[in-house]
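Chains, contacts and geometry: an overview
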Amino acid sequence: MILYLHGFDATSPGNHDKMRQLQFIDEDVRLVSYSTQHPKNDMQYLLNEVSKHIIASEDVSPLIIGVGLGAFWAERIGFLNKIKSVLINPNLAPQHDMVNKIDRPEEYADIMNKCVTDFRLLNREKSLCILARNDEVNDNDAIANQLKDYYSIVWDEEQSHKFTSLAAQLNCIKAFKIS
């Protein structure tokens, strides 16, 4: 089972395309949608929804994948549910990057402060980070520097922030899922 978390642009047709591509890894790909506007509510909702999906599945190695803002959540929700995560062009600081896009960006800072201290150290090697060199939204060099001590980093030379095609990464994601 693969749980897919969209980014801030929840209605992008690219989400459906990525989910179809992920079916080459596992035919059980499930969208877990969330509001993107209310972080504290999203956190509780995502924890509950992901937990329900894990309990309902017989997959011994479920995986959560998020793109952009969805990767922010995938890393934390994956850690809290003890499942592996794939972070694609993660937005690691939505409290700064989402100002004027969401109602309460400060809630992300609050969520981060309430997270387990050094959770990335505890989550070491349980996330895979895929970064686009051509990301027009994130500073992916800075993100790589922030995550490289904890997670494997895979660079893509062609994709942009929305990462429309996962084709080149499917084998890597599959190997990570079953490892």
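In this report, we go over the structure that sits alongside the text. What you are looking at is a predicted structure, and each value in this text was computed from that prediction instead of being measured.

This part takes up the layout of surface pockets. The rolling of a water-molecule-sized probe over the atoms marks out the regions of remaining empty space. Here the largest pocket is characterised by a volume of approximately 350 Å³. Residue lining of the largest pocket: 19 residues in total, with Phe-8, Asp-9, Val-137, His-161 and Lys-162 positioned closest to the centre. In terms of residue class, the lining of the largest pocket is made up of six nonpolar, seven polar and six charged.

The next thing to look at is the side chain of His-53. Mapped onto the secondary structure, His-53 falls in helix H2 (residues 39-56). In this structure His-53 comes out as buried when scored by relative accessible area, which is 18%. The contacts of His-53, once residues within four sequence positions are left out, are Met-1, Leu-3, Arg-30 and Val-32.

Attention now goes to unusual backbone geometry. Glycine aside, the phi torsion of most residues is negative, and most peptide linkages are trans. In this model, Lys-82 sits at a positive phi of 60°, which is unusual for a non-glycine residue. Relative to the helices and strands, Lys-82 resides in the loop between helix H3 (69-80) and strand E4 (84-88). Taking the relative accessible area as the measure of exposure, Lys-82 reaches 76% and is therefore exposed. Within the chain, Glu-125 stands out as a residue other than glycine whose phi angle is a positive 70°. Turning to its location among the elements, Glu-125 is positioned in the loop between helix H6 (119-122) and strand E5 (127-132).

The next subject is the sheet that holds E4. Reading across from one edge, E2-E1-E3-E4-E5-E6 is the order of the six strands in this open sheet, with parallel pairing throughout. At either end of the open sheet lies a strand with only one pairing partner, and these are strand E2 (29-31) and strand E6 (152-156). Taken pair by pair, the neighbouring strands of this sheet meet at an average axis angle of 20°, ignoring direction.

Moving on, we get to the nonpolar core. Counting residues in each nonpolar core, the largest one holds 31 residues, and the members touching the most others are Leu-5, Ile-64 and Trp-73. Of all the secondary structure elements, the ones that give two or more residues to this core are strand E1 (2-5), H2, H3, helix H5 (106-114), E5 and helix H7 (140-147). Here the element with the most residues in this core is H3; it accounts for seven residues. By size, the runner-up hydrophobic cluster in this structure holds 19 residues, among which are Tyr-4, Met-19, Ile-65 and Leu-166.

Definitions and limits used
- Every chain's residues receive numbers from 1 upward, in the order its sequence appears when written.
- Where totals are concerned, whole chains, interfaces and linings use all residues; where local detail is concerned, this predicted model gives features only for residues with pLDDT of at least 70, and gives and counts side-chain atom pairs only at 80 or more.
- Calculation of side-chain values draws on the structure's entire complement of heavy atoms; hydrogens and water are dropped beforehand.
- Only protein atoms enter the 1 Å grid used here, on which a cavity is any set of points holding a 1.4 Å probe that cannot leave and a pocket is any open set flanked by protein within 12 Å on both sides along at least five of seven lines; residues with an atom within 4 Å of a point are listed as lining.
- Grid points are joined across faces, edges and corners, and a volume is the space filled by probe spheres set on the points.
- Gly is put with the polar residues, along with every residue not named as nonpolar or charged; the nonpolar set is Ala, Val, Leu, Ile, Met, Phe, Trp, Tyr, Cys and Pro, and the charged set is Asp, Glu, Lys and Arg.
- Each helix is a run of DSSP H or I of at least 4 residues and each strand a run of E of at least 2, with the numbering of both proceeding from the N terminus.
- Each residue's exposure class comes from its accessible area (1.4 Å probe, protein chains only) as a fraction of the maximum for that residue type: buried when under 20%, exposed when over 50%, partly exposed otherwise.
- Only heavy atoms enter the contact rule, under which two residues are in contact if any of them lie within 4.5 Å.
- Whether two strands pair depends on DSSP finding at least two bridges between them.
- Lines are fitted to the C-alpha atoms to define the axes, a helix being fitted only along its stretch in contact, and any angle between axes, read from their N-to-C directions, falls within 0 to 180 degrees.
- Among the buried residues, those of types Ala, Val, Leu, Ile, Met, Phe, Trp, Tyr and Cys that are joined through side-chain atoms within 4.5 Å form a nonpolar core.

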